[in-house]
Structures are given as structure tokens and as C-alpha cells.
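Residue-level listing of the chains:
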Amino acid sequence: MFSLFRRLDYLLLYRSVRISSLSRVQNYLPVVEWIRRLQIRHRIQRQEQLMTHLLQEWKTQFSGYSRNILLFFWFNFVWNLGLGMFGLVYNLYVKSLGYEQTTVGSIVGMTALASALILIPAGIMNDRLGPKRVITFGLIFTLAALTARSLIEGQQGMLVSAFFGGMALAVVSATILPFMANNSTPQQRVHLFSFNMALVMFANVIGIALGGVLCDFFQFLIGFDEIHSLQYTLLIGVGIAALGVIPMALFDKSKQEIQPKREKLHVKELWSSHKTSIQVIGIFCLLGLLSSTAGGMVVPYLNVYFEDRFEASKSAIGIVVALGQGATAIAFLIGPMIVKRYGEVKSVVYLQLSSIPFLLLTAFSANFYLSSGGYLFRQALMNAANPFYNSIKMSYVHRSLRGLASSSGEAVFNLGWFLASPVSTGLVFRYGSYYGYAYAFCITAVVYSLISYLFYFFFGKNRFKPVDESS
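In short, a report on the structure. Small disclaimer: the values here were computed from a predicted structure and weren't measured.

Okay, the packing of helix α4 (residues 131-151) against helix α7 (residues 226-242) next. Where α4 meets α7, the axes come as close as 9 Å, and the angle between the chain directions of the two elements is 170°. Comparing their axes, α7 and α4 come out roughly antiparallel. Within the contact between the two elements, α4 uses L143, L146, T147, S150 and L151 and α7 uses Q231, L234, L235, V238, A241 and A242. Here the residues of the contact of α4 with α7 sort into 8 nonpolar, 3 polar and no charged.

Right, here's the structure in full:
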């Protein structure tokens, strides 16, 4: 009997403790809910502060840009908007004339060959005559060549006009980076290069969309035939690009822009005067050749990859590519915040390395959506490092050699894509659409890792000193 009463006591005690505990928890529930809401409010306020800080930082940067840079933004926007229209429509124009896909490839190859041949001389000419003169010549000849390409229908004429157009366009592209560097301070360049790349991508997207709409407008609403609809759209694109002449004519000489030097400079004198700059140019040429060779194995064929691997429709591929461009543009604008935290060199290394897992996800995923997601993140992370990459290059190269540094980088870029093309297509041809692309993606991942190591090895240990901007 005693044990029975003892068990009843224990049961009553347990129940009272349980009721007490539940009542205590219920009493604390409002406090827990209040803390949770406070955390959410704090998180929202922090995000608003970060956004406000980001906008304020960009506002401060824009207020410090020179008149040349602000005019350059207008020039680059209308220029790339017109080129975006032209680039989309011209291949369709060639095919509408009845030519095969091989003709389109020959025209693209002729343009790349002309660019590779003229880039180094264009950079030297930029250093000798000054960016404004060179960009003026290049712009005028580019507009003339694009106009001719819009009207010529013969195959030989197309190839010749593509060659001269490629040369003229390369002269303009080789001048842009030195022009921005000579009209800005080292503290402005990360934001400047980031915004410029985002602006170019934004202008290209608008130009591509506008080009497609105008083609359909002329053909289906106005009633022109396909060839004339494409020609009128091409000429409108050239006209929009020609608007870039207006801000270019208003460029004035900046205090930071050096006077062109016309005296002869021998190789020995050049080496003794600018040894560090030449070494840095050589290192960036090596890194650029490795990067373009690795990227050239996968980047030009990503649209074909999605079609071969997943049998995706052209509209789905177009949406993925457009989203990749949008993600890259956003990454360009957010990039300066990363630099502010980690520095330029570490930001380049971290972004390049962080893109590699997404590159491999794109290669080995059997799901179209996962592969597309990997492509978007890889595109944004890898390209987000380009503005810092260019800023570091310009900070270590003397003003008188920045044209050479820019043009040599673009030259090795074209060379790398040329070298990678037969390797990538050969792998796919031999091993099929799965293993062929997988091998190409893996080689690219290994080379990207090597580039990140070499970049940190050369520029993460303060082996070189930045040039004196006042010299």
C-alpha cells in the first residue's frame, strides 16, 4: 500500500511539473516571437543600409569622374547598342542571300584574322599619337566598313569588307581601355571598369532585342522582303553607332592625359626605362593566352552544348544566355564591394576559383535546369573579375605603354580562341556530346585553377610596384 501511494505521489509531481513547464513555455512564446521579429527587422534594415551604401558609393564615384569619362559613357552606350544590332542581324543577312554556314564562318574568321594583325600596331599607334586621335580614325573607318557590309551582297566583297571592318573595329577596341585609364585615378578604376562592362552588356542586350523587332517590323508590318528588311535594320544599327561621333567630338584633353611622343625609342632604351611595365605586359599576355585558350574550349560552344546535350529549344537557350548576361551585369556592379573587402588581387583569385565548381556542374549535370544554373553562376563569377583584372594591369603599366598592354591582351585573346577551337571540336567529335564536352570542361577547370595560382604568385606578393601616375 505504501508503494502504491508513493507511485501516485510521483505521478502527481510529474504532472504538476509538466503543467508548470508548459505554462512557462507558453509564457515565453511572446518573447520568442518578439525576438524573431526583431531579427527579421534588423536583417531588413541591414540590407537597406547595404543598398544605401552601395548607391551612395556609386553616386560619389560618378561625381568624381572627369568630363571625358562621362562623355565616354554616352559614346560607349550608343556605339555598342548599334554594334549589338549589327552583330545579331548580319549573320541572318548572309544566310538570307543563300550562302552556306561555311560562308558565315569564313567571314567571322576573316574579321578575327584582321583584328589579330592590327591590334599590336594599333596599341603602339595609340601610345605614340594619343587615344583621341586613334579612336577618331578607328570610328570613322569602322562606320564606313559597316555601311559597306550592309550593302554588299557578293561573297568576295563580304570577305574584303569584313577584313577591313575587323581592322577598324580592333583599332577602336584597343584604344578604349587606355583612354579610361588615362582619364581616371587608380581609386576610380575598379568602379569605372565595372560600370563600363555592365553598360556595354546592357547596350548589347537592347541592341539585340531592337534588331530582332525591327527586322520583323519591316518584313511583316511594312511588307518589305527579307533581304531589304535586314539591310534597313543593319543601316539603322550603323546610324545608331554613328551617334557616338557626337560625344567623341566633345572629348577634351585631360590633365592626366600625356602628350603623344613622336621621337624614336630603341628597344634597349625602352627596356631600361620601363622594365617593370614590359615584364607585367608579358605576364598578362601569358595569363591571357591561358585564359582565352581554356575559355575558348567551352564559351563559344555553350549554345551548341545545350542543344546537343539536352536537346533544348532555341528560345530556351536564348533565355539562358540572356539571363547569363543579366547576371554578369549585376556582378559587375556589385564587384567593387568585393574589392573593398578583399582587395583587387584576392578578389580576382576568389571569383575565378569559385566559378570552377559551377563550371563542373554545367559539364556533368544531367538536368537542364541544374546545368543552366551552373552556367549562370559560372558566367557571373568568372566575368565579374575582369574589371579588377584590367585595373591591376593598368596600375602596373606606364602610361606610355598602356595601348600596347591593352592591344596585346586582345591579340592573345583571339589567338587563344583560335588555338582552342580545333581541340574542343575534336574532343566532341571523338568522344561524343557527353564525354567530349566533359573533357573540354575539365581541361578548362584545370587551366583556370592554374591561372588563379599564377596570378596570385605574381601579384599577390607585391613583386611589382604600381607606376607613378604623375610621371
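Resuming the write-up.
Examined against the element boundaries, S391 turns out to sit in helix α15 (residues 386-396). For S391, a relative accessible area of 2% translates into the label buried. Those residues in contact with S391 that lie beyond four places of it in its chain are R189, V190, F193 and E344.

Let us look at a nonpolar patch on the surface. The grouping of L151, F217, F220, L221, I222, F224, Y232 and L235 at the surface amounts to a nonpolar patch, some 780 Å² of accessible area in total. Elements with a contribution of two residues or more to the nonpolar patch: α6 (189-222) and α7. In terms of residue count, the dominant contributor to the nonpolar patch is α6 (4 residues). Of note, F217 is situated in helix α6.

Our focus in this paragraph is the packing of aromatic side chains. Evaluation of the coordinates by the stated rule reveals 27 aromatic pairs. Arranged with centres 5.1 Å apart and planes meeting at 65°, the rings of F224 and Y232 form a pair that is edge-to-face. Residue F224 is classed as partly exposed on the basis of its relative accessible area, which comes to 34%. With a centroid separation of 5.0 Å and 85° between ring planes, the pair formed by F284 and Y389 is classed as edge-to-face. One end of the pair, F284, is in helix α10 (residues 275-296); the other, Y389, is in helix α15, and 105 residues separate them in sequence. Take F284 and Y389: they sit in the same class, and that class is buried. Ring pairs connect the aromatic residues F72, F75, W79, F179 and F251, which therefore count as one cluster. Sitting over the ring of Y90, R149 keeps its end group 4.3 Å from the ring centre.

This part takes up the environment of Y437. Note on placement: Y437 falls in helix α16 (residues 402-459). Relative accessible area serves as the criterion here: at 5%, Y437 is assigned to the buried category. In this structure the C-alpha to C-alpha distance between Y437 and T362, which are 75 residues apart in sequence, comes to 9.9 Å.

Counting 94 residues, the largest nonpolar core has F455 and F459 as the members making the most contacts within it. Beyond its immediate sequence surroundings of up to four residues, F455 is in contact with F284, L287, V345, V348, V349, Y389, I392 and G460. In this structure, A122, A170, A174 and A411 belong to the second largest nonpolar core, which totals 8 residues.

Attention now moves to the packing of α6 against α15. Two numbers describe how α6 lies on α15: the axes approach to 8 Å, and their chain directions differ by 135°. Our classification of the angle between α6 and α15 gives oblique. For the pair α6 and α15, the crossing hand works out as right-handed. Contacts between α6 and α15 involve R189, V190, F193, S194 and M197 on the former and, on the latter, N386, P387, F388, N390, S391, M394 and S395.

Rules of the game
Residues numbered from 1 in each chain as written. Predicted model: local features only at pLDDT ≥ 70, side-chain atom pairs only at ≥ 80, totals over all residues. Heavy atoms only, no water. Axes fitted to C-alpha atoms, helices over the stretch in contact; angles between N-to-C directions. Helix = DSSP H or I, 4+ residues; strand = E, 2+ residues; numbered from the N terminus. Parallel < 35°, antiparallel > 145°, perpendicular 65-115°, else oblique. Contact = heavy atoms within 4.5 Å. Nonpolar A, V, L, I, M, F, W, Y, C, P; charged D, E, K, R; others polar. Buried < 20%, exposed > 50% of the residue type's maximum accessible area, 1.4 Å probe, protein only. Patch = residues over 30% accessible without salt bridge, like charges linked within 9 Å, V, L, I, M, F, W, Y side chains within 5 Å. Areas by Shrake-Rupley, 256 points an atom, 1.4 Å probe, with all protein chains shown as cover. Salt bridge = Lys/Arg side-chain N within 4 Å of Asp/Glu carboxyl O. Phe/Tyr/Trp six-rings, centres within 6.5 Å; stacked < 30°, edge-to-face > 60°. Lys NZ or Arg CZ within 6 Å of the ring centre and 35° of its normal. Core = buried A, V, L, I, M, F, W, Y, C linked by side-chain atoms within 4.5 Å. Left-handed = near helix turned anticlockwise from the far one by under 90°.

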